Amino acid sequence: MHPMLSIAVKAARRAGNIINRGARELDLLTVTTKGPKDFVSEVDRQAEGAIVETLLDAYPDHAILAEEGTAKGANADAENVWIIDPLDGTTNFLHGFPQYCVSIALAHRGQVTQGVIYDPVRNDLFTSSRGRGAFLNERRIRVSRRQHLRDCLIGTGFPFRDGAYLETYLRMMKTMIEQTAGLRRPGAAALDLAYVAAGFYDGFWEVGLNPWDVAAGSLLVQESGGLIGDMGGEGNFLHGGQVIAANPRIFAQMVTALAPFRDELTRQRPPRPAHPSAG
């Protein structure tokens, strides 16, 4: 395992321990609201603190892009940036719904080179280094081999907190429900991307995402033989907020199926809030 990936795994497991402890004491947690349908708990902040501490102990000159803003602005000119979501699926977590994860990625000069997604409920560890494949609990994973959208199980997420996109998104969902074998919305985008990499889903799409939702999962998808892009199938998925991910054949079919909605989404795109989270 690459040394930087080993450190990221150590950080993810530390965060997972904090999350599991918090899950046993949900009624005692302090929860604040960042915005409509957007919650943050003390567990998010503690988990992020543990991750950042672990990474900066090992690599003090690296920069941090983290959902809750820990170490923001440090090492601003660094070529290496850790992109972190300490708890993706906070809303699930706060309800005791067991679908959430830790996501940690390293970007070198803007390209993701290391990725870890850790599901502390199932103790599932997804890891990837660029050029070295993707793994679930140290076993190689690959995207699914289905060839036709009609046979596929597709994941998605609801992107709206303030009503933006809603009508368009419902029509996108209708299109995908009609053209696939099933649609799922578990509520943690990073884990959804890991599921595409492992072949549990045949594809996934969502709009309104942040870099920390996408970074680690994007490398897992690519290193497992899949494609990831924006709604047009192009490369602006990390910071553009829109994602389609799937095996190559299904990716092309999803881009085609969702193409009629691309212009509407561009027109409706609300100003990006400074600090949203996938919930």
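The model shown is predicted, which means the values in this text are computed figures rather than measured ones.

Chemist: Now, about the sheet that holds strand β4 (residues 80-88): what can you tell me, with residues and values included?
Modeler: Judged by pairing direction, the sheet is mixed, and its 7 strands sit side by side in the order β3-β4-β5-β6-β7-β8-β9 without closing on themselves. Strands at the two margins of the open sheet, each flanked by one partner only, are β3 (63-66) and β9 (139-140). Taken together, the 7 bridges between β4 and strand β5 (residues 101-108) define a ladder with antiparallel strand orientation. Bridged to I83 within β5 is A105. In the packing of helix α5 (residues 189-198) onto the sheet, the strands contacted are β4, β5, β6 (111-119) and β7 (124-129), and the crossing angle to β6 comes to about 100°. Against the sheet, helix α6 (residues 211-223) makes contact with β3, β4, β5, β6, β7, β8 (134-136) and β9, and its axis sits at roughly 100° relative to β6, the strand it touches most.

Chemist: Can you explain the packing of aromatic side chains? Please cite residues and give values.
Modeler: Overall, the coordinates contain 6 aromatic pairs when judged by the stated rule. Judged by centre distance (5.2 Å) and plane angle (90°), the rings of F93 and Y100 are edge-to-face. The class of F93 is buried, set by a relative accessible area of 1%. Residue class for Y100 comes out buried when judged on its relative accessible area of 5%. Each residue in the set F126, Y195, F200 and Y201 is aromatic and connected to the rest through ring pairs, giving one cluster.

Chemist: Outline helix α2 (residues 42-58), supporting the account with residue identities and numerical values.
Modeler: With 17 residues, α2 should reach 24 Å at 1.5 Å per residue; the first-to-last C-alpha distance of 25 Å fits that figure. Restricting attention to buried positions, one finds in α2 the residues V43, D44, A47, E48, A50, I51, V52, T54 and L55.

Chemist: Now, about the environment of V43: what can you tell me, with residues and values included?
Modeler: Residue placement: V43 occurs in helix α2. Sequence separation between V43 and G163 is 120 residues; the distance between their C-alpha atoms is 28 Å. Contact partners of V43, with chain neighbours within four places excluded, come to I18, I19, G22, L29, L87 and F93.

Chemist: Tell me about the sheet that holds strand β11 (residues 182-184), and please be specific about residues and values.
Modeler: Read from one edge to the other, the open sheet built from 5 strands follows the order β11-β10-β12-β14-β13, with strand pairing classed as mixed. Every interior strand has two partners, whereas the edge strands, β11 and β13 (227-229), have only one. Each neighbouring strand pair of the sheet contributes to a mean axis angle of 15°, computed without reference to strand direction. Across 3 bridges, the pairing between β13 and strand β14 (residues 242-246) is antiparallel. Among the inter-strand pairings, G229 is bridged to a residue of β14, identified as I244. Along the sheet face, helix α4 (residues 166-179) touches β10 (153-156), β11 and β12 (203-207) and points at about 170° away from the line of β12. Most of the contacts of α5 go to β12, to which it runs at about 155°, and overall it touches β10, β12, β13 and β14.

Chemist: Talk me through the side chain of D85; I want residue IDs and the actual numbers.
Modeler: Examined against the element boundaries, D85 turns out to sit in strand β4. Of the residues examined, D85 reaches a relative accessible area of 0% and is grouped as buried. Polar contacts involving the side chain of D85 include one to the main-chain amide nitrogen of L87, which spans 3.2 Å. Among residues more than four places away in sequence, those in contact with D85 are E67, C101, V102, S103, W212 and D213.

What counts as what
Residues numbered from 1 in each chain as written. Predicted model: local features only at pLDDT ≥ 70, side-chain atom pairs only at ≥ 80, totals over all residues. Heavy atoms only, no water. Pairing = 2+ DSSP bridges. Helix = DSSP H or I, 4+ residues; strand = E, 2+ residues; numbered from the N terminus. Contact = heavy atoms within 4.5 Å. Axes fitted to C-alpha atoms, helices over the stretch in contact; angles between N-to-C directions. Phe/Tyr/Trp six-rings, centres within 6.5 Å; stacked < 30°, edge-to-face > 60°. Buried < 20%, exposed > 50% of the residue type's maximum accessible area, 1.4 Å probe, protein only. Expected span 1.5 Å × (residues − 1). Polar contact = N/O pair within 3.5 Å; in protein donor to acceptor, adjacent residues only side chain to side chain.

These figures come from the coordinates and say nothing about function on their own.
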